[in-house]
Amino acid sequence: MPATLLDGKALAASIRAEARNALAAISVRPGLAVVLVGDDPASRVYVRNKVRACEETGIYSELHALPADTGEHDVRERVQALNRDPRIHGILVQLPLPAAFDAARVLAAVSPRKDVDGLHAENLGALVAGRAKLIPCTPAGILRLLDHAAIPIAGRHAVVIGRSTIVGKPAALLLLQRDATVTICHSKTQDLGAQARRADILVVAAGRPKLVGADMVKPGACVIDVGTHRLPDGSLVGDVDFAAAREVAGWITPVPGGVGPMTVAMLILNTIAAAGAPR
Ligand code: NAD
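Please read all numbers here as calculations on a predicted model, not as lab measurements. (Residues numbered from 1 in each chain as written. Predicted model: local features only at pLDDT ≥ 70, side-chain atom pairs only at ≥ 80, totals over all residues. Heavy atoms only, no water.)

Colleague: Is there a simple way to think about helix H10 (residues 259–274) in this case?
Modeller: Residues spaced three or four apart along an α-helix face the same direction, because each turn holds 3.6 residues. With 16 residues, H10 extends 22 Å between its outermost C-alpha atoms, agreeing within 8% with the 22 Å of an ideal straight helix rising 1.5 Å per residue. At its buried positions, H10 is contacted by helix H1 (8–24), strand E2 (31–37), helix H2 (41–57), strand E4 (90–93), helix H6 (137–148) and strand E8 (222–225). Just past H10, the residue Gly276 takes up positive phi, approximately 75°. (Helix = DSSP H or I, 4+ residues; strand = E, 2+ residues; numbered from the N terminus. Expected span 1.5 Å × (residues − 1). Contact = heavy atoms within 4.5 Å.)

Structure (structure tokens):
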């Protein structure tokens, strides 16, 4: 029997509808500023989706699109001005930044209270300590998907493929906090297939189209595909060979319509939380 689909699009829509209703009933209007440097086409699409989703939810939003030749110092000054702006409760610096930038230094300029991506060292430290208020959106969305489908986490073996600061590492920490036994795999891991096949929950965030085939999935496992790749024919695929893996897995996220919409929904919740408004 093919795996049950974890429908991130539907869950994200219901989270957004709840947030919209909650905001309509209060006087606080949360505000989000998105800072985009350069003209990476994928980043432009992501940013547009985020701003549009905020507007639809009743969140004030501003897009600060800066030309590719903007200096790092100027970007940090823009971020600092947004830190002081009382209309803005959340600041998101869209990654990747131009190669010449020190991304950590730019992220460090964001006030930790407005850091809706949860990437400031203070918020990452709080995540390690298990008391984070602003958690990176994609891993937070993954946990919401698992919980919504009542997938057991405690005592299960979770394997996370990818160790980025924005997805892999925080996803592993959140699963650990929920008492999973966690293995983190990366580009130097030997025999990735053997590691992946041990997973009750397999989170794939490697950025490699169709890296995970059916032979890497334990029968009945829950497969979370974070990867997003646009093929030359315009279609979107993930890091998992969806058609093959769904024949083996117990649950699986589609691409598109799985983790992506959940990331946007969590950004909305983080912005509302940063504004101190009830969710
Ligand atoms: P990244 O490039 O920063 O990190 C990729 C990680 O995968 C690295 O830690 C690397 O060691 C590991 N890796 C690479 N090749 C591997 C291999 N062959 N075997 C094992 N590990 C390997 O990427 P990221 O920012 O974490 O994003 C990962 C993917 O998720 C990308 O496709 C990105 O577009 C997508 N993404 C989607 C969302 C969403 O909302 N759907 C959000 C963030 C990222």
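On we go.
Colleague: Teacher, can you tell me more about unusual backbone geometry here?
Modeller: Comment: phi is negative for the bulk of residues other than glycine, and the bulk of peptide bonds are trans. A cis amide bond links Leu95 with the next residue in sequence, Pro96, at an omega value of 0°. With respect to the helices, strands and loops of the structure, Pro96 is situated in the loop between E4 and helix H4 (103–109). For the peptide bond that leads from Val255 to Pro256, omega is 0°, which places it in the cis range. Structurally, Pro256 is set in the loop between strand E11 (251–252) and H10. The backbone of Asp191 shows a phi angle near 50°, a positive value even though the residue is not glycine. Overall, Asp191 belongs to the exposed group, its relative accessible area being 52%. (Buried < 20%, exposed > 50% of the residue type's maximum accessible area, 1.4 Å probe, protein only.)

Colleague: Would you mind going over the environment of Gly260 with me for this structure?
Modeller: Mapped onto the secondary structure, Gly260 falls in helix H10. By relative accessible area, Gly260 is classed as partly exposed at 46%. With 251 residues separating them along the chain, Gly260 and Lys9 place their C-alpha atoms 8.1 Å apart.

Colleague: Any chance you could explain the environment of Ala205 here in plain terms?
Modeller: Counting through the fold element by element, Ala205 comes out in the loop between strand E7 (201–204) and E8. The exposure class of Ala205 is buried, given its relative accessible area of 16%. When the C-alpha atoms of Ala205 and Val240 are compared, they prove to be 9.5 Å apart, with 35 residues separating the residues in sequence.

Colleague: Would you mind going over the site of the ligand with me for this structure?
Modeller: Every one of the 21 residues lining the ligand counts as a neighbour, but Arg163, Ser164, His186, Ser187 and Thr263 are closest to it. Here Arg163 contributes a backbone N or O atom positioned 2.8 Å from an oxygen atom of the ligand. Starting from 860 Å² of accessible surface for the ligand in isolation, the protein chains cover 72%. Among the residues forming the shell around the ligand, the class breakdown is eight nonpolar, 11 polar and two charged. (Near = heavy atom within 4 Å. Polar contact = N/O pair within 3.5 Å; in protein donor to acceptor, adjacent residues only side chain to side chain. Areas by Shrake-Rupley, 256 points an atom, 1.4 Å probe, with all protein chains shown as cover. Nonpolar A, V, L, I, M, F, W, Y, C, P; charged D, E, K, R; others polar.)

Colleague: Hey, could you run me through the pairing of E7 in this one?
Modeller: Looking along a regular strand, one sees side chains alternate from face to face of the sheet. Residues Ile201 and Val203 point to one face of E7 and Leu202 and Val204 to the other, with burial holding for every one of them. Pairing geometry for strand E5 (residues 157–161) and E7, over four bridges, is parallel. Its bridge partner being in E7, Ile161 is matched across the sheet by Val204. Sheet topology note: the E7/E8 ladder contains four bridges and is parallel. Opposite Val203, over in E8, you have Ile224 as the bridge partner. (Pairing = 2+ DSSP bridges.)

Colleague: Please explain the nonpolar core as it appears in this structure.
Modeller: In a soluble, globular protein the nonpolar side chains are often hidden away together inside. One finds Leu146, Leu175 and Ile224 to be the most contacted residues of the largest nonpolar core, which totals 47 residues. Take this core: its biggest share by element is nine residues, from H10. Discounting residues that sit within four places of it in the chain, Leu175 has contacts with Leu143, Leu146, Ile153, Ala158, Val160, Ala180, Val182 and Val203. (Core = buried A, V, L, I, M, F, W, Y, C linked by side-chain atoms within 4.5 Å.)

Colleague: Help me understand the sheet that holds E4 in this model?
Modeller: Hydrogen bonding along the main chain pairs the strands of a sheet, whether they run parallel or antiparallel. In spatial order, the strands read E3-E2-E4; together these three strands make up an open sheet with parallel pairing. Each of the sheet's edge strands pairs with one partner strand only, and the pair in question is strand E3 (60–66) and E4. Across the sheet, the axes of successive neighbouring strands diverge by a mean angle of 15°, strand direction being ignored. Sheet topology places E2 next to E3; seven bridges connect them, and they run parallel. The residue of E3 that forms the bridge with Val35 is His64. Those strands touched by helix H3 (residues 72–84) are E2, E3 and E4, and its axis lies near 165° from that of E3. (Axes fitted to C-alpha atoms, helices over the stretch in contact; angles between N-to-C directions.)

Colleague: Can you help me understand the pattern of salt bridges in this one?
Modeller: Here the idea is simple: oppositely charged side chains can pair when their charged atoms come close. In total, this model carries seven salt bridges according to the counting rule given. As a salt-bridge pair, Arg76 and Glu72 come within 3.3 Å of each other at their nearest N and O atoms. With Arg76 and Glu72 both in helix H3 and four residues apart, this pair spans about one turn of that helix. Taking relative accessible area as the criterion, Arg76 reaches 22% and is therefore assigned partly exposed. Residue Glu72 is classed as buried on the basis of its relative accessible area of 11%. Between Asp200 and Lys218 there is a salt bridge, and its shortest N-O distance comes to 2.8 Å. Here the residue Asp200 occupies a position in the loop between helix H8 (192–196) and E7, and Lys218 occupies one in the loop between E7 and E8, the gap between them amounting to 18 residues. Overall, Lys218 belongs to the partly exposed group, its relative accessible area being 29%. Through salt bridges with shared partners, one network takes in Glu62, Asp85 and Arg87. (Salt bridge = Lys/Arg side-chain N within 4 Å of Asp/Glu carboxyl O.)

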